[in-house]
Amino acid sequence: MAKQRSRERERHIARMNWMEFAEIVPREVHTVLLPIGTLEAHGITSLGTDNEIPTRLSEAMAERLNAAVAPTIPYGVTAHLGALAGGTHVPAQAFTDYVAAVIGTLAHQGFQNIIVMNGHGGNTDALREATRRVHEELGVYVAVFNWWIEMRSFVEEMLGAPGGHAGVDETAAMLAIAPDQVFPDLWDPSLAFAHRDSLTAFPAPGSLLYYGGKRSDPVLDGRKAARFWERVVEHTGEVLEDLVARWNREGMPATQRRRVVPERARRGANGRTTEAGPPRSAREKK
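These numbers come from a predicted model, not from an experiment.

A. Broad picture of the packing of aromatic side chains. Tallied over the full model, the rule gives two aromatic pairs. Between Phe21 and Phe111, the ring centres sit 5.8 Å apart and the planes meet at 75 degrees, which makes this aromatic pair edge-to-face. With a gap of 90 residues between them, Phe21 in helix α2 (residues 18–24) and Phe111 in the loop between α4 (92–108) and β3 (113–118) connect regions that are remote in the sequence. With respect to burial, Phe21 and Phe111 carry one shared label: buried.

B. View of the environment of Tyr211. Within the fold, Tyr211 resides in the loop between β6 (208–210) and α9 (222–248). Taking the C-alpha atoms as reference points, Tyr211 and Arg196, 15 residues apart in sequence, are found 7.5 Å from one another. Non-local contacts of Tyr211, meaning those with residues more than four positions away in its chain, are made with Gly163, Gly164, His165 and His195.

C. How the structure looks around the layout of surface pockets. By volume, the largest pocket is sized at about 810 Å³. When contributions to the lining of the largest pocket are tallied by element, the ones reaching two or more residues are α7 (152–159) and α8 (168–177). For the lining of the largest pocket, the per-class residue count stands at 13 nonpolar, eleven polar and six charged.

Cut-off values and rules
- Residues numbered from 1 in each chain as written.
- Predicted model: local features only at pLDDT ≥ 70, side-chain atom pairs only at ≥ 80, totals over all residues.
- Heavy atoms only, no water.
- Phe/Tyr/Trp six-rings, centres within 6.5 Å; stacked < 30°, edge-to-face > 60°.
- Helix = DSSP H or I, 4+ residues; strand = E, 2+ residues; numbered from the N terminus.
- Buried < 20%, exposed > 50% of the residue type's maximum accessible area, 1.4 Å probe, protein only.
- Contact = heavy atoms within 4.5 Å.
- 1 Å grid on protein atoms, 1.4 Å probe; cavity = no way out; pocket = protein on both sides within 12 Å on 5 of 7 lines; lining within 4 Å.
- Points joined across faces, edges and corners; volume = space filled by probe spheres on them.
- Nonpolar A, V, L, I, M, F, W, Y, C, P; charged D, E, K, R; others polar.

This is the structure we're talking about:
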């Protein structure tokens, strides 16, 4: 049964049986995507916007990268907007320690490449520290991907305005993947606030934040939103596929050491030892 389901490529760890997991990690799947976000006010989209986008993006990437998808960590560092209704804030040190522990246990379970799919800017510094720590301690290959930063050069061209917090980019993504979590009737231009480098305020006096003096009001056009999300998925796939392929190629330092499957990982669900060859590169698994 475990082998039959592994061929069907269930990607969500939480939906796998433990024996199925033992069959495929790390022999068939050695990359995992870990979505992380927070709950926070987002203009006219849901409080869970920063969780929904990296989760759905991880799902879209999983097959292409031959990766598993870990359960989303839904609470993050939300100091600037956590005080607004429905927001949650975890202090940076506690968040860093927790994320490092989660990444560490994924590594101990056999994943050799771990990509954090971040959906919230407030998490960035803590995630950089958590991933650096785990890499230094365990040697696992780990990265943090911030989708909205990667897409900056595309947003204004495709949507007519630069991105922002709860701005045109996040709203378009949500309109494409979760239209039931976009609430157009609630739009009011006064929700938007211009970020100023000269001003630090807790909480920020607006649930939509724009930067550089250019507004980032939502564009509620379903076709534009769908085309934008398609570009997000395609471009993210190009970036992460290249990353994983480079991590896995023969010339990378320590690659062969990382590909030695521990004895306990070589035992299938029936407890018998099986031979496991080196995992194929992401390029081969396309």
